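Analysis of the macromolecular model
Below are the chains, spelled out letter by letter.
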Amino acid sequence: MTMIRVTAYENPKSIEEATTFLAKDTYVPIAGGTDVILELRNGMPVKLLDINNLKLNHVTSNKDNIEIGAACTHTQLASNPIVSQFVPLVGIAAGKVGSKQIRNRGTIGGNIVNASPCADTIPALLIYDAELVLLSKKGRRIARLDEFITSPYATIKRNDELLHSIICKKNNKTGYSYLKLGRRQAVNISRMTISVALDIDDDNAVIDACISAGSVFPVPSRMKDLEKFLRGEKIKPKLFKEAGKLAVDLMIKHSGYRWSTPYKEPVLAGLIERALMQASKGIVQDN
Amino acid sequence: MKLDFVLNNKRVSINVKGGLRLIDLLREQLDLVGTKEGCGKGECGACTVLLDGKPVCSCLILASQVRNREVTTIEGLSIEGEMHPAQEAFTETGAVQCGFCSPGLLLSTVALLNENPEPSREQIRRALSGNLCRCTGYEKIFEAVELASRRINGLSVQNDKV
Ligand SMILES: Cc1cc2nc3c(=O)[nH]c(=O)nc-3n(C[C@H](O)[C@H](O)[C@H](O)COP(=O)(O)OP(=O)(O)OC[C@H]3O[C@@H](n4cnc5c(N)ncnc54)[C@H](O)[C@@H]3O)c2cc1C
Ligand code: FES
Ligand code: FES
């Protein structure tokens, strides 16, 4: 029997109540628990704060933004019509997390706060310039997702803060692609993901490109240099091949040359090329 | 800590420790040993139960998290002593060998068929991909799900005519 040492388990019904607990004492928030329960096994005793009854499982849309509640499960996001219309890469990424059992429990908020280099929803959210709404007794603050994670498994969130929601900017593009490469089809902590959104004009030139990668850099990141390289270029197969090479250079520049680099080089180049090709055809890829 | 929830259609009220996992509550405190623990890490699906009808890993959920919700284990699948059509189909097609994975697979199957009574092979494969089986090579399992699907739909067609 595996025992997790829990000295208090609080089940607040309102955000006010939850942030009061967090201000008073050190609590570990628990959403789906798919990351946190494994971490706590045979660990130090903790106080848990269940965030599942705070009504944080909303998806709403206004003129410019989509707001996603932190407690939305991957299952919910994978089939949400607002998500698939306005932030399709987020829905596809959520649909590729782990297995059905994991998607039924795991939340987008947990995925972000856990801040694993291979968290699948983060690269997809980066495409939409996502911002995070953090709440505490001291008030509300907004953090940019691309500044939230400081190193693998570390974020700027204070212990007294709760992740309330994620705000994504609507950015209609002509094509999208999300590719995930994992060791096994269903259950894996993904080894590499590529998210691409392309905007192409009638002359087949790239107006705008947004590209991000998971498990390529120490934290999931946009590839701004690659985006700049593509902007204004005419689409041709050679362009995407060159983009693949440039992505590899960026990986080595930012992550250093590691034992895994020779394996990752051709894989990354190939994925970037394929993702760009698909996005240039307007496909929202679900491989 | 007092915990109230519905287990296999019956109300349960029980004292639990805050850090108790659902699988330990089921197996150790309630003697429902049909739910198996394989990896204990969310990877094999042997511990699958239904939470409000949806498959989840009982090794990755605390008992405290099922408060006021509905849990179904393999013991709750048969109705008045009759096997669920999926259970019959699994035994008939030889989808059960050592049987360790079977309770979890059956619950994932039942959840799938409730949501989608006529799943394609690909949909079956995807829905069951969180349940590992070392023995069967999956082919017999997929056949069993398809058989169960045909029977369930056949039955409901007859009922509709009555
Ligand atoms: C078998 C298996 C396969 C997996 N496969 C994948 C995969 O393919 N891709 C992937 O990206 N991940 C995968 N994961 C990891 C995990 O399922 C996801 O990261 C999931 O989204 C975590 O969400 P959760 O709600 O379960 O988080 P929890 O475990 O509840 O929490 C995770 C962390 O976030 C904190 N937290 C959660 N919510 C809040 C909040 N609202 N405010 C403040 N802090 C909060 C918790 O305190 C904790 O530190 C897998 C896990 C398992 C066990
Ligand atoms: S025992 Fe729970 S998934 Fe393996
Ligand atoms: S029958 Fe033995 S693991 Fe599936």
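Because the structure is predicted, anything quoted here is derived from the model rather than measured. (Residues numbered from 1 in each chain as written. Chains lettered and ligands numbered in written order. Predicted model: local features only at pLDDT ≥ 70, side-chain atom pairs only at ≥ 80, totals over all residues. Heavy atoms only, no water.)

Structural notes on the overall build of chain B
Definition in use: In this description a helix means any DSSP run of H or I spanning at least four residues, a strand means any run of E spanning at least two, and both kinds are numbered starting from the N terminus. Restricting the calculation to C-alpha atoms gives the radius of gyration, and the globule rule supplies 2.2 Å times the number of residues raised to the power 0.38. Here's how the labels work: a residue is buried when its accessible area is under 20% of the maximum for its type, exposed when over 50%, partly exposed in between, all with a 1.4 Å probe on protein chains only. Contacts are assigned to residue pairs with any non-hydrogen atoms lying within 4.5 Å of each other. Working convention for charge: Lys and Arg count positive, Asp and Glu count negative, and His plus the chain ends are omitted. Charge positions come from single atoms, namely NZ of Lys, CZ of Arg, CG of Asp or CD of Glu.
Counting secondary structure elements, chain B contains 5 helices and 5 strands. The linear arrangement of helices and strands in chain B, starting from the amino end, is β-β-α-β-β-β-α-α-α-α. For chain B, whose C-alpha radius of gyration is 16 Å, the value lies close to the compact-globule estimate of 15 Å for 162 residues. Of all 162 residues assigned to chain B, the portion counted as buried reaches 52%. Counted over contacts in chain B with a minimum sequence separation of 6, partners at least 24 positions apart contribute 56%. Side chains of chain B give 19 positive and 20 negative charges; the mean places of these two sets differ by 5 Å.

As for the interface of chain A and chain B
Where interface size is quoted, it is often the accessible area lost as the parts come together. This is how the line gets drawn: Throughout, buried area stands for the accessible area (probe radius 1.4 Å) lost by two parts on being put together, summed over both. Salt bridge, as used here: a side-chain nitrogen of Lys or Arg that lies within 4 Å of a carboxyl oxygen of Asp or Glu. Polar contact is defined as a pair of N or O atoms within 3.5 Å, subject to the rule that within protein one atom must be able to donate a hydrogen and the other to accept it, and that residues adjacent in sequence are counted only when both atoms are side-chain atoms.
Taken together, the contact between chain A and chain B spans 31 residues of the former and 37 residues of the latter. A combined buried area of about 2500 Å² lies between chain A and chain B, and 58% of that area is made up of carbon and sulfur atoms. Remark: the boundary between chain A and chain B carries 1 salt bridge. Across the chain A-chain B interface, the total number found is 6 residue pairs in polar contact (both at pLDDT 80 or more). Elements represented by at least two residues in the side of chain A that touches chain B include exactly β1 (6-10), α2 (36-40), β3 (46-50) and α6 (100-105) of chain A.

Some thoughts on unusual backbone geometry
In this structure, Lys55 of chain A is a non-glycine residue whose phi angle is positive, near 55 degrees. The residue Lys55 of chain A is located in the loop between β3 and β4 (59-61) in this model. Phi angles above zero are rare outside glycine, and Asn8 of chain B is one such case at about 50 degrees. Within the secondary structure, Asn8 of chain B is located in the loop between β1 (2-7) and β2 (10-15).

Brief notes about the packing of helix α11 (residues 237-255) of chain A against helix α12 (residues 261-280) of chain A
Residue and element names in this part refer to chain A. The condition that has to hold: A fitted line through C-alpha atoms represents every axis, and for helices the fit uses only the stretch in contact; the resulting angles, taken between N-to-C directions, go from 0 to 180 degrees. For classification purposes, angles smaller than 35 degrees are called roughly parallel, those larger than 145 roughly antiparallel, those between 65 and 115 roughly perpendicular, and all remaining angles oblique. Crossing handedness is read from the near helix: turned anticlockwise from the far helix by less than a right angle, it gives a left-handed crossing, and turned clockwise, a right-handed one. By the convention adopted, Pro, Cys, Tyr, Trp, Phe, Met, Ile, Leu, Val and Ala count as nonpolar, Lys, Arg, Asp and Glu as charged, and the other residues, Gly among them, as polar.
Two elements in contact, α11 and α12, have axes whose closest approach is 8 Å; the angle formed by their N-to-C orientations is 140 degrees. On the basis of the axis angle, α11 is oblique to α12. For the pair α11 and α12, the crossing hand works out as right-handed. Residue-level inspection shows Phe240, Lys241, Ala243, Gly244, Ala247, Val248, Met251 and Ile252 of α11 in contact with α12, the latter providing Thr261, Lys264, Glu265, Leu268, Ala269, Ile272, Glu273, Leu276, Met277 and Ser280. Residues that form the contact of α11 with α12 fall into these classes: 11 nonpolar, 3 polar and 4 charged.

Notes on the domain arrangement of chain B
All names here are of chain B. Which entries qualify depends on this criterion: Domain boundaries shown here were taken from an automatic or database domain assignment.
When cut into domains, chain B gives domain 1 (2-76) and domain 2 (85-152). Computed from C-alpha atoms alone, the centre-to-centre distance between domain 1 and domain 2 is 21 Å. Contacts between domain 1 and domain 2 engage 16 residues on the former and 11 residues on the latter. Here domain 1 packs against domain 2, burying approximately 1100 Å² in sum over the two surfaces, 68% of which is carbon and sulfur. Counting the contacts that link domain 1 with domain 2 gives 0 salt bridges. Summed over the shared surface of domain 1 and domain 2, the number is 4 residue pairs in polar contact (both at pLDDT 80 or more). When residues in the side of domain 1 that touches domain 2 are grouped by element, the largest group, 3 residues, is from strand β3 (residues 48-51).

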